[in-house]
Amino acid sequence: FPYTTLFRSKTQNNTYLKQKEQNKINAKIKKIERDITDLENKITNLNAQLTKPEIYTNYEQLTTIQTQLQDLTQKLEANMNDWEKLNESLTSFQT
């Protein structure tokens, strides 16, 4: 019957669209994971700089690095929140 064929087409189309959306989400997750790693590395490097006497004895350099650390930490938290939301939405596709 044409109805059965039509129904299968919609189901197949729905599956295709779900898979396409999952692929988009997976790509975003991978990018965010790379960004998180990059931010964590930058934070580690800045924290290492804070232990150097030429940095922690120079108020201007110290405040510059602390400001950078705050900015990077905020970006890291935002990325982690985005990562969590994307993983939750990906899980909803699997249920």
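Residue positions are given per chain, counting from 1 as you read along its sequence in written order. Residue-level local features of this predicted model are given only where pLDDT is at least 70; pairs of side-chain atoms are given and counted only at 80 or more, and the full residue set underlies all totals for whole chains, interfaces and linings. Only hydrogens and water are set aside when side-chain values are computed; all heavy atoms of the structure are taken into account.

Quick word on the environment of Trp83
Heads up, the rule is: Counting from the N terminus, the helices are DSSP H or I runs at least four residues long and the strands are E runs at least two residues long. In the analysis that follows, any N or O atom pair within 3.5 Å is treated as a polar contact, provided that within protein one partner can donate a hydrogen and the other can accept it, and provided that, for residues neighboring in sequence, both atoms belong to side chains.
With respect to the helices and strands, Trp83 occurs in helix α3 (residues 59–94). C-alpha separation for the pair Trp83 and Ile32, spaced 51 residues apart in sequence, amounts to 6.5 Å. Of the polar contacts made by the side chain of Trp83, one reaches the side chain of Glu33; its length is 2.9 Å.

A short note on the side chain of Asn79
So the rule is basically this: Any two residues whose heavy atoms approach within 4.5 Å at even a single point are treated as in contact.
Tracing the backbone shows Asn79 in helix α3. Once residues within four sequence positions are removed from consideration, Asn79 is found in contact with Ile32, Asp35, Ile36 and Leu39.

Digging into the pattern of salt bridges
Basically, it comes down to this: The rule for a salt bridge is simple: a side-chain nitrogen of Lys or Arg has to be within 4 Å of a carboxyl oxygen of Asp or Glu. The cut-offs for exposure are 20% and 50% of the maximum accessible area for each residue type, with area from a 1.4 Å probe on protein chains only; residues under the lower value are buried, those over the upper are exposed, and the others partly exposed.
Summed over the entire model, instances satisfying the criterion amount to three salt bridges. Note that Asp35 and Lys31 form a salt bridge whose closest N and O atoms lie 2.8 Å from each other. Here Lys31 and Asp35 lie together in helix α1 (residues 2–50), a separation of four residues that amounts to about one turn. You can call Asp35 partly exposed: its relative accessible area is 25%. Judged by its relative accessible area of 44%, Lys31 falls in the partly exposed class. A salt bridge links Lys75 to Asp71, with the shortest nitrogen-to-oxygen separation between them at 3.5 Å. With a gap of four residues between them, Lys75 and Asp71 both fall in helix α3, about one helical turn apart. A relative accessible area of 43% places Lys75 in the partly exposed class. Of the residues examined, Asp71 reaches a relative accessible area of 35% and is grouped as partly exposed.

Focus on the confidence of the model for the protein chain
Just so we agree on the cut-off: Every residue gets a pLDDT, meaning the predictor's confidence in that residue, from 0 to 100.
On average, the protein chain scores 89 in pLDDT, and the residues at 70 or more come to 87%. Considering each helix and strand of the protein chain separately, the mean pLDDT is smallest for α1, with a value of 86, and largest for α3, with 95.

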